[in-house]
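# What the coordinates show
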Amino acid sequence: MDSKALMNYKSWLHDPSIDEDTKVELESIKDNPQEIEDRFFMDLEFGTAGLRGIMAAGTNRMNKYVGRKNAQGLANYIISKGDGAKARGVAIAYDSRKMSKEFAQESSYVLAGNGVKVYLFDELKPTPELSFAIRHLGCISGIVITASHNPAEYNGLKIYWEDGAQIAGARARGIIDEISMAANLKNIRTLTKEKAEARGLLTYIGNNLDDVYLGEVKKQLLRADIIEKAAHDFKIVYTPLYGTGNAPIRRILNEVGFKKVMVVREQEMPDHRFPTVKYPNPKNKKAFRLAIELAKKENANLIIGTDPDCDRIGVLVKEDAGGYTLLSGNQIGALLVEYILKTLNEKDLLPENGVIIKTIVTSEMGADIAKGYGIKTINTLTGFKYIGEKINEFEQMGEKTFLLGYEESCGYLVGTYARDKDAVVSAMLISEMAAYYHLRGMNLYDAVTNLYNKYGYYLEDLKSITLEGKEGMNLISMIMKNFRKSKMKTIGDKKILCIEDYDSQIRTYLSTPNHSEKIELPRADVVKFILEKGHWVCLRPSGTEPKLKIYSGVKGDKLNESKRELAALTCWAEEKIFSFFPGKKIST
């Protein structure tokens, strides 16, 4: 067993600040060295979107002690910014997961114990509303307790700064350093709820903020007349997947004029068990089984679903044969690019300095569409915090106008009222867009097909290889190193034109010997291979789960050709990874 893990285990077991129930749990694993190592070999780390972990006792798990430590680290960082920062305070929200409310309360008591003002939502709210609240209330920071679309046994948190975006860059490193130094649980300062309230350090955010937030969302509506014309026969089925989207999305769809919105009753109310789904992930068609049943019964035109913290959205459209097709995140993104730019252009509202922002693992189709409208596309690293960072930069410089930010994992934002992906505005605009095509005798997949015919068949795939625990982390690290030093010139039968290594921040062109350039993005453990014909493969360790992610993309003139090319790329990548570890059992 790892000696550090054993030392951390014993430290928790004998720490007087650890409660007896937690110690009983720890005693139960005393004869399981592998479990001790997995729980204690490291501290739960910040990844692409904050930190997430299985709820249990341990430094590498999500629990109230890990939550307190993170709150203390954030408090220390805020204190270093002066009394003004402490007075501006921290907004805190939480979703429907087990212990989310309790973790939010624990965070608020620690911040208040350090003299930092706290604004705590008095009931669960979507993550994008937390992003909005930070700027609306003038807070210095924000926390949301969530594990997004992870399985029920997970929880976690995200930390935001005053611009409403998740922490990134030097600020993220500064806060994470403070969290690391807050390791001694005895030194965490906290107040009781009663004392925090009495000292004016803890106040509650009521439902009145919903009106302001949703008012900003409604400003992003593009064609109100379309909804009015389609509302009498356009049917939408919605599932919140037991999360925070139920109230705001049903309200926004009603207020903009949709008359026939039906909710999946079994998945309507918050339930941290997610009893009818294995994963509350709107990217996965299995999560829509009950929604499809209702849609077929009601002959609905559109199905939408949101994850527990309501920042991601999934979309299914009715097929001619009566079934329902799940659109990919990339397809939804391309549709939104086309619809938004087409509408603004027709209304003579398309700004010359308009910009689309997407991530490096998102399809290039949206960029191709934007180019046709004379609009530039900017790529960022994976994680919406980088898109939020760019929006803030645009606002400060005044040289560019943000139009849409999106990523292949079904996250979208239109408007600058928030600085994180927002499934509420996405639901509104996707429903409006679907109604627009409905009035023209089309569904959203028909619209995607038109885009394919015009711009080419862009197809993408994502495979995740699960490698758990300390051994898994080491395997992922070795795989990434092996790919970097492999000296490959081809992938399958396609030449590699360029290798983008985001760890060294170097882009190397293989067609021109010794020609390379600096990548003007932050360092990240990502390597991307750009191939001929517009194909590409990208490898990235997940920032929130013990997984290695393999992204691949192709562009072809025909659908079947693109499907074959994509399957070949994905197969090559998996076989290459398995070849590094012959005989090793690896799950995908």
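Residues numbered from 1 in each chain as written. Predicted model: local features only at pLDDT ≥ 70, side-chain atom pairs only at ≥ 80, totals over all residues. Heavy atoms only, no water.

### Focus on the packing of helix 7 (residues 127-137) against helix 10 (residues 208-218)
The relative placement of two packed helices comes down to the angle between their axes together with the axis-to-axis distance. Their axes nearest at 10 Å, the elements helix 7 and helix 10 cross at an angle of 100°. One way to sum up the angle between helix 7 and helix 10 is to call them roughly perpendicular. Judged by residue contacts, Pro128, Glu129, Phe132, Ala133 and His136 of helix 7 engage Leu209, Asp210, Val212, Tyr213 and Glu216 from helix 10. In the contact of helix 7 with helix 10, the residues fall into six nonpolar, one polar and three charged. (Axes fitted to C-alpha atoms, helices over the stretch in contact; angles between N-to-C directions. Helix = DSSP H or I, 4+ residues; strand = E, 2+ residues; numbered from the N terminus. Parallel < 35°, antiparallel > 145°, perpendicular 65-115°, else oblique. Contact = heavy atoms within 4.5 Å. Nonpolar A, V, L, I, M, F, W, Y, C, P; charged D, E, K, R; others polar.)

### What about empty space enclosed by the protein?
Counted according to the given criterion, the structure contains one cavity of 30 Å³ or more. The computed volume of the largest cavity comes to approximately 60 Å³. Lining the largest cavity are Ser328, Asn330, Gln331, Ala334, Ser363, Met365, Val448, Leu451, Tyr452, Tyr458 and Glu460. Among the secondary structure elements, those contributing two or more residues to the lining of the largest cavity are helix 14 (329-346), helix 18 (444-455) and strand 16 (457-466). (1 Å grid on protein atoms, 1.4 Å probe; cavity = no way out; pocket = protein on both sides within 12 Å on 5 of 7 lines; lining within 4 Å. Points joined across faces, edges and corners; volume = space filled by probe spheres on them.)

### Quick word on the packing of aromatic side chains
We describe a pair of aromatic rings using the distance from one ring centre to the other and the angle between the two ring planes. Tallying each qualifying case throughout the model produces 14 aromatic pairs. Between the aromatic rings of Tyr9 and Phe40, the centroid separation amounts to 5.7 Å while the plane-to-plane angle is 75°, which identifies the pairing as edge-to-face. Taken together, the residues span a long stretch of sequence, with Tyr9 in helix 1 (residues 3-14) and Phe40 in helix 3 (residues 33-40) at a distance of 31 residues. On the accessibility criterion, Phe40 (0% relative accessible area) is buried. Look at Tyr77 and Trp161: their rings are 5.4 Å apart centre to centre, the planes differ by 75°, and that puts the pair in the edge-to-face class. Taken as a pair, Tyr77 in helix 4 (residues 64-79) and Trp161 in strand 5 (residues 154-161) lie far apart in primary sequence, 84 residues in all. Accessibility assignment for this pair places Tyr77 and Trp161 in one class, buried. It is Arg440 that lies over the ring of Tyr436; its NZ or CZ is 3.8 Å from the centre. Lying over the aromatic face of Trp536, Lys528 brings its terminal NZ or CZ to 4.5 Å of the ring centre. (Phe/Tyr/Trp six-rings, centres within 6.5 Å; stacked < 30°, edge-to-face > 60°. Buried < 20%, exposed > 50% of the residue type's maximum accessible area, 1.4 Å probe, protein only. Lys NZ or Arg CZ within 6 Å of the ring centre and 35° of its normal.)

### A few points about unusual backbone geometry
One non-glycine residue, Ser148, adopts positive backbone phi at about 50°. Note on Ser148: relative accessible area 0%, which makes it buried. Even without a glycine there, the phi angle at Cys410 is positive, about 70°. Take Cys410: it is sitting in the loop between strand 14 (401-407) and strand 15 (411-413).

### Brief notes about the sheet that holds strand 14
In spatial order, the strands read 13-12-14-15; together these four strands make up an open sheet with mixed pairing. The outermost strands of the open sheet, each flanked by one partner alone, are strand 13 (376-380) and strand 15. Recorded for the sheet is a direction-independent mean angle of 20° between the axes of neighbouring strands. Bridge count for strand 12 (residues 354-359) against strand 14 is five bridges, and the pairing is parallel. Bridge pairing in strand 14 links Lys358 to Tyr406. Across the sheet, helix 15 (residues 365-372) touches strand 12, strand 13 and strand 14, and the angle it forms with strand 13 is around 155°. In the packing of helix 16 (residues 384-397) onto the sheet, contacts are made with strand 12, strand 13, strand 14 and strand 15, and the angle to strand 14 comes to roughly 175°. (Pairing = 2+ DSSP bridges.)

Purely spatial values, then, with no claim about function.
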